[in-house]
Amino acid sequence: MILVLRALGVGDLATGVPALRALRAAYPGGELALAAPRWLAPLVALVGGVDRLVEADGLGPLAWPGPPPALAVNLHGRGPQSHRMLAGVRPRRLFGFANAEAGHRDGPPWRADEHEVDRWCRLLAWYGIPADRTDLALRRPDPGGLPAGVSIVHPGAKAAQRRWPPERFAAVARELTARGHRVVLTGNPGERPLAEEVARRAGLPAEAVLAGQTDLGELAALVAHARLVLSGDTGIGHLATAYATPSVLLFGPVPPAHWGPPPDRPWHQALWVGPRPAAAGATAVHPALAELDVPAVLAAVDRVEAAAPAPARLPRSRPAADGPTRQPAATALR
């Protein structure tokens, strides 16, 4: 049994996919359990190779059923809390960054200035497990009753500093509509009022607002079959990367060198004006994000659409090392 901790959100899981696939390939006969929030189950099912989802919200004690795992892997952070959380299930071995405070002196040193994908690939490489940082594709779900070919505008973000002003999202949405795009607004239930404001400012009909109406699996399907994604530095941008959907992502406090799409894929554009002093209040848009204007975003839309790959060249999700017919247990949690 291999237990992997990645108890965070959509972007965190998506950037951990190469490491998860590397562990699956390194231990093809072992059961692989992922400790993550239960609401991520639909996305876990699209990763492949995960046999069990163990519910973990935050870094408290883990409700671990059964005997201690042979191996626990910390893809959550540098510790000490996450190391101690895994140590609490008494694994025979723990892979993680060195952390003397947690009593874990094995493993490589933590680096603050590193892309999140590279961080976990480097961790596994230190333990002799190669990982391909380009292996980011997810299984492409059927669109079902969801609209295909839409342009998704996602104005929300967890932190206020990462939210581009709604009037600018609306201006872009209005121009995209004029160019013939079918624009829809996405977000979680709490972001629905923001999506409705953007739709109203853009002159879009009420049915264009899908915020709060899709679960995570449906959102992935919507992105997988979309024409374009426009968002801030948040999880939906990582879904666009996973499905090679052209995307324009607006970065503020954190540079795209840490969380952005691969720079060698021109159909993904991460816009960032460089380091800027932090905004005065926690509810203020970060200055680096505030400097991005509507013409710059529309120009980026033109670039990504011109560079969009042909369907035959889209990156494909690789089957798990134990074969394509093995179904992850997390599917049952949908």
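Calculation rules
- Residues numbered from 1 in each chain as written.
- Predicted model: local features only at pLDDT ≥ 70, side-chain atom pairs only at ≥ 80, totals over all residues.
- Heavy atoms only, no water.
- Pairing = 2+ DSSP bridges.
- Helix = DSSP H or I, 4+ residues; strand = E, 2+ residues; numbered from the N terminus.
- Axes fitted to C-alpha atoms, helices over the stretch in contact; angles between N-to-C directions.
- Contact = heavy atoms within 4.5 Å.
- Buried < 20%, exposed > 50% of the residue type's maximum accessible area, 1.4 Å probe, protein only.
- 1 Å grid on protein atoms, 1.4 Å probe; cavity = no way out; pocket = protein on both sides within 12 Å on 5 of 7 lines; lining within 4 Å.
- Points joined across faces, edges and corners; volume = space filled by probe spheres on them.
- Core = buried A, V, L, I, M, F, W, Y, C linked by side-chain atoms within 4.5 Å.
- Phe/Tyr/Trp six-rings, centres within 6.5 Å; stacked < 30°, edge-to-face > 60°.
- Nonpolar A, V, L, I, M, F, W, Y, C, P; charged D, E, K, R; others polar.

Enquirer: So what exactly am I meant to see when it comes to the sheet that holds strand S7 (residues 183–185) here?
Expert: For sheets, the rule is that strands pair by backbone hydrogen bonds, running either parallel or antiparallel. A sheet is described by the order of its strands in space; here 5 strands give the open sequence S7-S6-S8-S9-S10, paired in parallel fashion. Both edges of this open sheet fall to S7 and strand S10 (268–271), since each of them pairs with a single strand only. Averaged over all adjacent pairs, the angle separating strand axes in this sheet is 15°, with direction ignored. With 4 bridges joining them, strand S8 (residues 228–232) and strand S9 (residues 247–250) adopt parallel strand pairing. Paired with Leu230 across the two strands is Val248, which belongs to S9. Along the sheet face, helix H9 (residues 235–242) touches strand S6 (151–154), S8, S9 and S10 and points at about 150° away from the line of S8. Contacting S8, S9 and S10, helix H12 (residues 294–307) runs over the sheet at an angle of about 160° to S10.

Enquirer: Hey, could you run me through unusual backbone geometry in this one?
Expert: Going from Gly79 to Pro80, the amide bond is cis rather than trans, its omega being 10°. Tracing the chain through its elements places Pro80 in the loop between strand S4 (71–74) and helix H4 (81–87). In this structure, Arg90 takes a positive phi of about 60° despite not being glycine. Positionally, Arg90 belongs in the loop between H4 and strand S5 (93–95). Look at Arg90 and you get exposed, because its relative accessible area is 58%. Notably, Ala244 is not glycine yet its phi reads approximately 55°, a positive angle. Checked against the element boundaries, Ala244 lands in the loop between H9 and S9. Residue Ala244 is classed as buried on the basis of its relative accessible area of 5%.

Enquirer: Sorry if this is basic, but what is going on with empty space enclosed by the protein here?
Expert: Rolled over the atoms, a probe as big as a water molecule pinpoints where empty space is left. Scanning all chains against the criterion turns up 2 cavities of 30 Å³ or more. Volume-wise, the largest cavity comes out at about 110 Å³. Thr15, Val117, Leu136, His238 and Thr241 are the residues nearest the centre of the largest cavity, which is lined by 13 residues in total. At the level of elements, helix H1 (10–15) and H9 are the ones that each hand at least two residues to the lining of the largest cavity. In terms of residue count, the dominant contributor to the lining of the largest cavity is H9 (3 residues).

Enquirer: How should I be thinking about the nonpolar core in this particular structure?
Expert: Proteins that are soluble and globular tend to have nonpolar side chains buried together. Counting 48 residues, the largest nonpolar core has Val4, Leu34, Leu43, Val73, Leu138 and Ile152 as its most contacted members. When residues of this core are assigned to their parent elements, the largest contribution, 6 residues, is made by helix H8 (residues 216–224). The next biggest cluster of nonpolar side chains, apart from the first, holds 30 residues, and it includes Trp164, Ala211, Val294 and Ala300.

Enquirer: Looking at this structure, how should I read the packing of aromatic side chains?
Expert: The geometry of two aromatic rings is summed up by the distance between their centres and the angle between their planes. This structure, assessed with the given rule, holds 6 aromatic pairs. Ring centres 6.2 Å apart and planes at 65° place the aromatic pair Trp110 and Trp120 in the edge-to-face group. Of this pair, Trp110 sits in the loop between S5 and helix H5 (116–126) while Trp120 sits in helix H5, placing them 10 residues apart in sequence. Judged by centre distance (5.1 Å) and plane angle (75°), the rings of Trp126 and Tyr127 are edge-to-face. Judged by relative accessible area, which is 12%, Tyr127 ranks as buried. Ring pairing ties together the aromatic residues Phe95, Trp126 and Tyr127, which thus form one cluster.

Enquirer: Help me out: how do you make sense of the layout of surface pockets in this one?
Expert: Its volume calculated, the largest pocket comes out at about 860 Å³. Every residue lining the largest pocket is counted, 27 residues in all, and those nearest its centre are Gly9, Val10, Trp39, Thr234 and Gly235. Where the lining of the largest pocket is concerned, the elements lending two or more residues are H1, H8 and H9. Class assignment of the residues belonging to the lining of the largest pocket gives a composition of 10 nonpolar, 11 polar and 6 charged.

Enquirer: Help me understand the environment of Asp12 in this model?
Expert: Mapped onto the secondary structure, Asp12 falls in helix H1. Residue classification places Asp12 among the buried positions, given a relative accessible area of 18%. Once the C-alpha coordinates of Asp12 and Trp259 are considered, the two residues, 247 residues apart in sequence, prove to be 9.3 Å apart. The residues contacting Asp12, other than those within four sequence positions of it, are Arg6 and Trp259.

Enquirer: In this structure, what is going on with the pairing of strand S1 (residues 2–5)? I would like to understand it.
Expert: The two faces of a sheet get side chains in turn, since along a regular strand they alternate between them. Across the two faces of S1 the burial is the same, with Ile2 and Val4 and Leu3 and Leu5 all buried. As paired elements, S1 and strand S2 (residues 32–36) share 4 bridges and run parallel to each other. The residue of S2 that forms the bridge with Ile2 is Leu32. Judged from the 4 bridges that link them, S1 and S4 form a sheet pairing that is parallel. What sits directly across from Leu3, in S4, is Ala72.

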